[in-house]
Amino acid sequence: EKQLSAEQGAGRGPKRDGQTLLTQVWRHLNLTECDYFGLEFQHPQSYWIWLEPMKPIIRQVRRPKNALLRLAVKFFPPDPGQLQEEYTRYLFALQLKRDLLEERLPCTDTTAALLASHLLQAEIGDYDETLDREHLKANEYLPSQEHSLEKILEFHRKHTGQTPAESDFQVLEIARKLEMYGIRFHTASDREGARINLAVSHMGVLVFQGTTKINTFNWSRVRKLSFKRKRFLIKLHPEVRGPYQDTLEFLLGSRDECKNFWKICVEYHTFFRLFDQPKARAKAVLFSRGSSFRYSGRTQKQLVDYVRDSGVKRVPYDRRHSKTRMSVRALTADLPRQSISFTEGMRTSASPSSTNASFCSVPTSPLAPRGPPDFKDSSGSLTEPQAPDAKRPAAERSTGAAADSDTRWAQSPGPPALQPCQGLSTESPQPSPSTRKSPLSLSPASQVTLDPAGQGLSPLLSPVLSDAGGARMDSEEEPKHKSMAADEAYFIVKEILATERTYLKDLEVLTVWFRSAVVKEDAMPADLMTLLFSNIDPIYEFHRGFLRAVEQRLALWEGSSNTHATGDHQRIGDILLRNMHQLKEFTSYFQRHDEVLTELEKATRRFKKLETVYKEFELQKVCYLPLNAFLLKPIQRLVHYRLLLGRLCGHYAPAHPDSADCRDALQAITEVTSTLQHSLARLETLQKLTELQRDLVGVENLLAPGREFIREGCLHKLTRKGLQQRMFFLFSDVLLYTSKGVTGTSRFRIRGLLPLRGMLVEEGEHERSVPHCFTICAAQKTVMVAASTRLEKEKWIRDLDTAIDAAKGGSDQSLVLPGGVVCTPPDRSSEVSLEQESEDARGSRGSLEGQGQRRANTTVHVCWYRNTSVSRADRSAAVENQLSGYLLRKFKNSNGWQKLWVVFTNFCLFFYKTHQDDHPLASLPLLGYSVSVPQEADGVHKEHVFKLQFKSHVYFFRAESKYTFGRWMEVIERAGSSPGRARRPEEEA
């Protein structure tokens with residue numbers, strides 16, 4: 001710092017590029033994870049700009065010798081576990097302290113008091129009422145702090161024994177879940193002139209109206225970002241733009257502001273989405289077009305890999321409480337003498353002597369990778385000058401106590417909101433004698449303050465389904481909350497939260513995405529629009545409020561997880577009871593969903609424009625299930641509540657303070673589900689028949705009163721050409737068999753129809769020559785088929801016999817076949833001539849079939865390719881066994897683990913980067929897969945790992961806890977092993 005000041009005095013410093021100053025600051029601070037931070041200065045128009053590494057300082061700062069440069073957090077990862085160094089987390093906590101005081105982190109009074117109590121614990125140590133009151137009188141943590149004083153003291157009393165490292169981590173854990181975490185607004189207006197605020201986060205560009213987020217343009221949806229004078233332009237990919245135009249335009253205050261926001265977006269995208277920083281463009285000899293700006297630092301992946309793999313020596317880091325000097329302004333900490341990596345910290349004992357990790361001195365080249373200049377704006381934030389000789393003495397900090405256990409398991413924040421950095425006076429830690437560095441005190445000319453003026457981004461690091469990237473976990477990880485590792489109730493609440501997030505995203509497929517599609521094309525009649533959305537919107541709004549309540553309660557629960565007292569926050573029954581009672585008011589909405597589904601199907605047949613929009617929408621990534629399946633989600637969710645509440649009540653002892661509310665909530669939701677039981681059955685039948693009507697070519701009126709779906713699956717039919725693969729569909733009155741459509745389509749063409757009345761099923765005469773075969777004798781036709789296994793054969797015979805018996809007293813149903821032929825069983829034409837007729841109809845129906853491009857993870861297509869079957873009982877079991885949450889995934893021959901948000905529904909795993917993503921990146925249908933625990937030969941020596949295998953395809957998944965591991969195993973086994981799918985290995989072929 002003295003050298004830098006001397007250079008500035010001699011006139012040489014300002015001529016250096018920004019990287020020179022940045023490198024000296026990183027070295028002075030002994031800051032390893034420096035790429036999360038930056039230096040900012042104030043623009044004459046009062047907004048803040050990042051110092052660009054590749055430009056001379058004199059070209060950026062008007063009066064360099066008198067400039068105030070502030071140290072600020074530039075990128076906010078949503079998961080504190082991505083910050084490897086304890087010292088880095090300390091600086092982040094200081095930033096959040098400043099944001100809280102400056103009202104840039106809006107939250108409820110209770111949450112604000114909880115955050116302040118953790119900051120207080122980190123500053124002065126364990127609760128002492130006299131010292132606490134003196135300290136809070138002299139130092140301000142919250143605006144109008146006096147109103148929250150008693151709450152702060154109450155929370156602080158519960159943090160006894162919590163180390164500063166644990167307190168820092170709790171601050172990050174609670175803050176990252178807040179909606180405005182790290183958000184920095186850039187004032188703008190839209191095309192209509194309405195005032196809005198723009199921001200950027202790891203997930204993309206955010207649009208706010210006031211403080212309400214109204215739009216998120218994910219990076220995956222953005223094709224190009226550009227600016228022209230004061231106009232900021234977002235070009236979207238055509239297939240995902242939804243209700244928006246191809247190019248969105250926003251007007252900022254000036255060209256400089258617009259360019260500044262554009263640069264921030266460029267840096268955020270590069271840091272969080274790319275593996276490597278892009279190379280700088282060569283300068284044009286004569287003319288240049290557009291900006292050559294590029295992010296010049298390391299990407300998050302490079303930074304994480306560097307800290308993890310470099311093996312550099314780390315200087316020990318001591319932090320001390322202070323109960324004597326309480327001035328926050330004078331607060332400075334000792335520079336890292338113990339900066340231990342997070343995973344190491346979790347395995348180290350709490351005594352300073354137990355730590356032997358050393359600090360990594362920061363080399364210039366890796367710390368400052370060169371590239372295009374990096375120029376960013378952030379809303380201004382105040383920073384307080386540091387006292388040069390201020391110390392932070394007191395109780396020795398536990399070096400190895402790194403907050404909760406594995407932070408990577410801390411509810412992975414999906415896309416946190418954009419993080420505007422604000423200057424937090426980071427009276428930064430000062431070097432211990434062994435580091436031979438002077439205390440951190442910057443002169444006004446180069447003062448450093450902690451301010452997250454950049455916007456915080458933080459997606460997971462890599463493409464989800466490749467080994468190369470992703471958040472990797474190579475070291476041992478422990479449960480996130482040690483004090484709650486055995487508390488099953490906590491993990492049940494986490495399951496409620498995780499599945500509620502998925503459920504809300506499913507509702508948005510209808511309330512946001514499908515609505516936008518039909519409104520844009522004006523494709524849906526007004527009465528149907530009213531019927532559909534008047535029954536869905538109120539449910540969606542209710543669950544948004546319920547989700548917020550659960551998130552807030554879980555944040556408080558986790559906030560008190562390291563204390564010796566459980567407190568009132570480690571309960572969920574009151575919230576569940578209140579909301580389960582409110583759900584009774586929505587019974588009439590739930591009961592109308594079958595009417596909605598019926599009318600929607602009729603309308604798609606009557607209105608070609610709606611049919612086209614419907615089919616095109618089902619091809620979008622956001623519609624990851626058949627569209628009508630999302631209409632079942634509200635009633636299915638009630639079943640999930642009942643099951644989760646039953647699990648919670650089974651865990652609690654009768655005397656537990658949360659038990660009474662949970663039991664009352666269970667009774668309330670049981671009453672609702674009992675009322676809606678028949679509605680759910682009707683909906684499931686209607687949805688399945690509607691889905692098959694779209695998938696099958698050659699039958700016009702599959703939807704008929706009284707007809708029920710029983711089983712679908714693959715069998716091989718004996719023909720003149722030998723055994724041919726066919727897809728069979730068993731209903732309550734008829735058996736259909738089909739073949740796959742022409743190449744490039746995903747629909748099935750009817751080959752035959754066999755009425756159940758008068759049908760017999762016999763063991764095949766050719767059992768010895770054709771394994772697992774049986775004969776189906778209809779009124780005028782006999783068909784010989786073979787199953788893939790003995791178990792499959794038994795399931796088909798059992799369901800056929802049951803359906804035949806039930807059909808004896810049933811009424812006849814008719815089907816309209818190709819060419820308009822109406823077949824009423826036992827009409828011989830439906831049995832004999834259908835195969836030839838469907839061949840003849842191929843030409844006339846070819847255009848329709850060409851429109852049937854459906855995704856291949858539906859049960860029909862999976863059964864075809866996996867040579868298996870699914871029954872009505874299997875589908876009912878799948879409804880009760882759905883799960884969401886973060887898992888680590890590893891391929892058979894890879895070493896690294898990727899952290900993914902995983903949703904299990906409809907016999908399929910869907911993979912996302914975070915829970916806030918709008919659509920899955922990939923899927924894995926599990927029909928035919930077996931789930932087990934890895935064997936010694938698999939070479940996976942980790943806890944809580946389960947293995948999925950189908951033939952040579954092997955995947956390993958790692959859960960965060962024993963409870964979560966058990967739940968994933970349970971739901972996958974149950975969904976694949978209903979009474980109709982139970983496997984007996986000795987009977988398999």
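The structure we're discussing is the one just above.
Presented here is a report on the structure given in the accompanying data block. (Residues numbered from 1 in each chain as written. Predicted model: local features only at pLDDT ≥ 70, side-chain atom pairs only at ≥ 80, totals over all residues. Heavy atoms only, no water.)

Focus on the overall build of the chain
Now for step 1: Of the regular secondary structure elements, the chain holds 27 helices and 29 strands.
Now for step 2: Across the 989 residues of the chain, 61% fall into the buried class.
Now for step 3: The contacts in the chain between residues at least 6 apart in sequence include a share of 73% that link residues at least 24 apart.
Now for step 4: Of the roughly 37,700 Å² of accessible surface on the chain, 50% is carried by carbon and sulfur atoms. (Helix = DSSP H or I, 4+ residues; strand = E, 2+ residues; numbered from the N terminus. Buried < 20%, exposed > 50% of the residue type's maximum accessible area, 1.4 Å probe, protein only. Contact = heavy atoms within 4.5 Å. Areas by Shrake-Rupley, 256 points an atom, 1.4 Å probe, with all protein chains shown as cover.)

What about helix α21 (residues 790–807)?
Now for step 1: Between its first and last C-alpha atoms α21 spans 26 Å; for 18 residues at 1.5 Å apiece the expected length is 26 Å, and the two agree.
Now for step 2: As for α21, its buried residues are in contact with β13 (709–719), β14 (722–731), β15 (734–740), β17 (760–763), β18 (773–777) and β22 (869–871). (Expected span 1.5 Å × (residues − 1).)

Let's talk about the environment of Phe607
Now for step 1: Tracing the chain through its elements places Phe607 in the loop between α16 (593–606) and α17 (608–618).
Now for step 2: Judged by relative accessible area, Phe607 falls into the partly exposed class, the value being 33%.
Now for step 3: For Phe607 and Met524, which are 83 residues apart along the polypeptide, the C-alpha to C-alpha distance reads 8.2 Å.

Considerations on the environment of Gln916
Now for step 1: Along the polypeptide, Gln916 turns up in the loop between β25 (908–912) and β26 (922–925).
Now for step 2: We classify Gln916 as partly exposed; its relative accessible area is 24%.

Here's the deal with the sheet that holds β26
Note on sheets: strands pair through backbone hydrogen bonds, and any given pair is parallel or antiparallel.
Now for step 1: If you walk across this open sheet you meet the seven strands as β26-β25-β24-β23-β29-β28-β27, and the pairing is antiparallel. Strand pairing shows two members of the sheet lacking a second neighbour, β26 and β27 (930–932), which therefore form its edges. Pairwise comparison of adjacent strand axes, ignoring direction, gives a mean angle of 35° for this sheet.
Now for step 2: Here β27 pairs with strand β28 (residues 945–950) via three bridges, running antiparallel. Paired with Ser930 across the two strands is Gln949, which belongs to β28. (Pairing = 2+ DSSP bridges. Axes fitted to C-alpha atoms, helices over the stretch in contact; angles between N-to-C directions.)

What to know about helix α26 (residues 872–880)
Now for step 1: Listed in full, the buried residues belonging to α26 are Asp874, Arg875, Ala877, Ala878 and Val879.
Now for step 2: One side-chain oxygen of the residue at the start of α26 lies 3.3 Å from the amide nitrogen of Ala873, identifying that residue as Ser871. (Polar contact = N/O pair within 3.5 Å; in protein donor to acceptor, adjacent residues only side chain to side chain.)

Quick notes on the pattern of salt bridges
Now for step 1: Under the counting rule described, the total for this entry stands at 48 salt bridges.
Now for step 2: For Arg133, the salt bridge identified is with Glu129, shortest N-O distance 3.2 Å. Of this pair, Arg133 and Glu129 both sit in helix α5 (residues 129–138), four residues apart, which is roughly one turn of that helix.
Now for step 3: Arg133 gets classed as partly exposed once you look at its relative accessible area, which sits at 31%.
Now for step 4: Given a relative accessible area of 38%, Glu129 falls into the partly exposed group.
Now for step 5: Between Arg647 and Glu970 there is a salt bridge whose closest N-O contact spans 3.1 Å. Here Glu970 lies in helix α27 (residues 962–976) and Arg647 lies in helix α18 (residues 633–651), a separation of 323 residues in the sequence.
Now for step 6: Among the charged side chains, a salt-bridge network with shared partners connects Glu495, Arg647, Arg967, Glu970 and Arg974. (Salt bridge = Lys/Arg side-chain N within 4 Å of Asp/Glu carboxyl O.)

Quick notes on the packing of α5 against helix α6 (residues 149–157)
Now for step 1: At a minimum axis distance of 11 Å, the contact between α5 and α6 shows a crossing angle of 135°. Relative to α6, the element α5 is oriented oblique. As α5 runs across α6, the sense of the crossing is right-handed. Where α5 abuts α6, its residues Asp132, Arg133 and Leu136 lie against Leu149, Glu150, Ile152, Leu153 and His156.
Now for step 2: Of the residues contributing to the contact of α5 with α6, the split by class is four nonpolar, one polar and three charged. (Parallel < 35°, antiparallel > 145°, perpendicular 65-115°, else oblique. Left-handed = near helix turned anticlockwise from the far one by under 90°. Nonpolar A, V, L, I, M, F, W, Y, C, P; charged D, E, K, R; others polar.)

Structural notes on the packing of aromatic side chains
Now for step 1: This model, assessed by the stated rule, comprises 34 aromatic pairs.
Now for step 2: Ring centres of Tyr36 and Phe92 lie 6.0 Å apart, and the angle between their planes is 85°; this geometry places the pair in the edge-to-face category. Pair noted here: Tyr36 is in the loop between α2 (18–29) and β1 (37–42) and Phe92 is in helix α3 (residues 86–101), with a separation of 56 residues, a long-range link.
Now for step 3: Residue class for Phe92 comes out buried when judged on its relative accessible area of 0%.
Now for step 4: Members of the aromatic cluster, connected to one another through ring pairs, are Tyr36, Phe37, Phe75, Phe76, Phe92, Tyr181, Tyr268, Phe271 and Phe272.
Now for step 5: Sitting over the ring of Phe533, Arg515 keeps its end group 4.2 Å from the ring centre.
Now for step 6: Here Lys688 stacks its cationic end above the ring of Phe709, 5.3 Å away from the centre of that ring. (Phe/Tyr/Trp six-rings, centres within 6.5 Å; stacked < 30°, edge-to-face > 60°. Lys NZ or Arg CZ within 6 Å of the ring centre and 35° of its normal.)

Details of the nonpolar core
Now for step 1: In terms of nonpolar packing, the biggest core is built from 84 residues, with Tyr36, Phe37, Leu198, Leu225, Phe232, Ile234 and Phe250 touching the most fellow members.
Now for step 2: Looking at which element gives the most residues to this core, the answer is helix α8 (residues 255–273), with nine residues.
Now for step 3: Leave out the neighbours within four places in its chain, and Leu198 touches Arg184, Phe185, His186, Ala188, Leu206, Val207, Phe232, Phe250, Leu252 and Phe261.
Now for step 4: Formed by 83 residues, the second largest nonpolar core is a distinct cluster that contains Leu532, Ile575, Val613 and Phe630. (Core = buried A, V, L, I, M, F, W, Y, C linked by side-chain atoms within 4.5 Å.)

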